[in-house]
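Summary of structural features
The chain contents come next:
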Amino acid sequence: MALERTLVLLKPDCVQRRLVGRVISRFADKGFNIVAMKMLLVTPELAKLHYAEHVTKPFYPALEAFITASPIVA
């Protein structure tokens, strides 16, 4: 069986509402292995890299404002 990896971002609203533990426990309950976890602040530069395909779209400024507003858990 091939090894699969998935990036999961618990975004600012999840962190602000203190739901990180509940979300992580759901992944663990389903048998997923968490191999790394990090809390970080997304900079506008990082947001532009991560959401590169959306930078020119009209909704991007609101998306960038949201994702850079407070910490995320990756």
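I will try to describe carefully the structure that is included in this document. (Residues numbered from 1 in each chain as written. Predicted model: local features only at pLDDT ≥ 70, side-chain atom pairs only at ≥ 80, totals over all residues. Heavy atoms only, no water.)

1. Things to note about the pattern of salt bridges
- Tallied over the entire structure, the rule returns one salt bridge.
- The partner of Lys-48 in a salt bridge is Glu-64, and the shortest N-O contact between them spans 3.0 Å. Linking Lys-48 in helix α3 (residues 44-50) with Glu-64 in helix α4 (residues 60-67), this pair joins segments that are 16 residues apart in sequence.
- Owing to a relative accessible area of 16%, Glu-64 belongs among the buried residues under this scheme. (Salt bridge = Lys/Arg side-chain N within 4 Å of Asp/Glu carboxyl O. Helix = DSSP H or I, 4+ residues; strand = E, 2+ residues; numbered from the N terminus. Buried < 20%, exposed > 50% of the residue type's maximum accessible area, 1.4 Å probe, protein only.)

2. Some words on the nonpolar core
- Counting residues in each nonpolar core, the largest one holds seven residues, listed as Val-42, Ala-47, Tyr-51, Tyr-60, Leu-63, Ile-67 and Ile-72.
- Here this core takes three residues from α4, the largest share from any one element.
- In contact with Tyr-60, not counting residues within four places along its chain, are Pro-44, Ala-47, Lys-48, Tyr-51, His-54 and Val-55.
- Grouped together as the second largest cluster of nonpolar side chains are six residues, Val-15, Val-20, Ile-24 and Val-73 included. (Core = buried A, V, L, I, M, F, W, Y, C linked by side-chain atoms within 4.5 Å. Contact = heavy atoms within 4.5 Å.)

3. What to know about the environment of Thr-6
- If you trace the backbone, Thr-6 turns up in the segment before α1 (12-16).
- The class for Thr-6 is exposed, based on a relative accessible area of 69%.

Geometry only, nothing functional implied.
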